[in-house]
Amino acid sequence: SLASGSALRKASTAVSPFPLRPPAPPPPPPKPVEHKVECTLEELFAGCSKRFRVADQVVTVDVKPGWKAGTKISYDIKGQRVSFVVAEKKHPWLERSGDDLKWVCSISRAQAAKGVVLTVPTIDGKQVQLSTKGERVYHGGCKAVAGYGMPIKGGPARGSLIIEFRLQ
């Protein structure tokens, strides 16, 4: 019986001819899903709500005033990471650059030399008037009007409206 006990000890320390495999790694988490949230400049100016259907749920994305293209909001929906990325639609007459908006004004060389009174449309549907009389206006030159651009995140301040002159 002593011999059988020693045989058990040897059997328990014997090396198996089949190497032990490490446990299989857990499956990778599902890849995040991205949805594009297309917004007009007016929607990005004022803020808006957009609804999306994701995994049998309706998700409302609240776009805050002043958000920029590329802003990302993420949610976990039924174990799935879902991201919404703001995209800016092209505007017919304004172009965004950070918190500023640019409007291109085409005028003749005679108008540039004499000076003109401009009525410029703003993003909030209003208009601002400005004069170039007594100022040097040249092709590619710009004039900034503070406070008529996009909202600056976190406060009531706004960027500028930049008027870029194109002489014909």
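Model, not experiment: these values are computed from the prediction.

> Explain the sheet that holds strand 11 (residues 158-167) here, please?
Strand pairing in a sheet relies on backbone hydrogen bonds. The paired strands run either parallel or antiparallel. If you walk across this open sheet you meet the 4 strands as 6-7-11-10, and the pairing is mixed. Whereas interior strands pair on both sides, the edge strands pair on one side only; in this sheet they are strand 6 (94-97) and strand 10 (142-151). For this sheet, the mean angle separating the axes of adjacent strands, direction not counted, is 35 degrees. As paired strands, strand 7 (residues 100-107) and strand 11 are joined by 7 bridges and run parallel to one another. By the bridge assignment for strand 11, Val104 is matched with Glu164.

> How should I be thinking about the side chain of Thr132 in this particular structure?
For Thr132, the position within the fold is in the loop between strand 9 (127-131) and strand 10. A polar atom in the side chain of Thr132 sits 2.8 Å from the backbone nitrogen of Val116. Residues within four places of Thr132 in sequence aside, it is in contact with Gly115, Val116, Val137 and Phe165.

> So what exactly am I meant to see when it comes to the environment of Lys126 here?
Note on placement: Lys126 falls in the loop between strand 8 (117-121) and strand 9. Each C-alpha atom of the pair Lys126 and Tyr148 lies 9.7 Å from the other, and the pair is 22 residues apart in sequence. Excluding anything up to four places from it in sequence, Lys126 contacts Val120 and Pro121.

> Even after reading the chapter, I still don't get the sheet that holds strand 4 (residues 72-77), so can you show me in this structure?
Pairing is mixed in the open sheet, where 3 strands are placed in the order 1-5-4. Each having just a single partner strand, strand 1 (33-39) and strand 4 make up the two edges of the open sheet. Between one strand axis and the next, the sheet turns through 25 degrees on average, direction left out of account.

> Looking at this structure, how should I read the pairing of strand 7?
Remark: a regular strand shows side chains that alternate across the two faces of the sheet. Side chains Leu101, Trp103, Cys105 and Ile107 project from strand 7 onto a buried face, and the interleaved Asp100, Lys102, Val104 and Ser106 project onto a face without burial. With 4 bridges connecting them, strand 6 and strand 7 associate as antiparallel partners. By the bridge assignment, Glu95 is partnered in strand 7 with Lys102. Turn length for the strand 6-strand 7 hairpin, with the two strands adjacent in sequence and antiparallel, is 2 residues, and the turn residue Gly98 shows positive phi of about 65 degrees.

Cut-offs applied
Residues numbered from 1 in each chain as written. Predicted model: local features only at pLDDT ≥ 70, side-chain atom pairs only at ≥ 80, totals over all residues. Heavy atoms only, no water. Pairing = 2+ DSSP bridges. Helix = DSSP H or I, 4+ residues; strand = E, 2+ residues; numbered from the N terminus. Axes fitted to C-alpha atoms, helices over the stretch in contact; angles between N-to-C directions. Polar contact = N/O pair within 3.5 Å; in protein donor to acceptor, adjacent residues only side chain to side chain. Contact = heavy atoms within 4.5 Å. Buried < 20%, exposed > 50% of the residue type's maximum accessible area, 1.4 Å probe, protein only.

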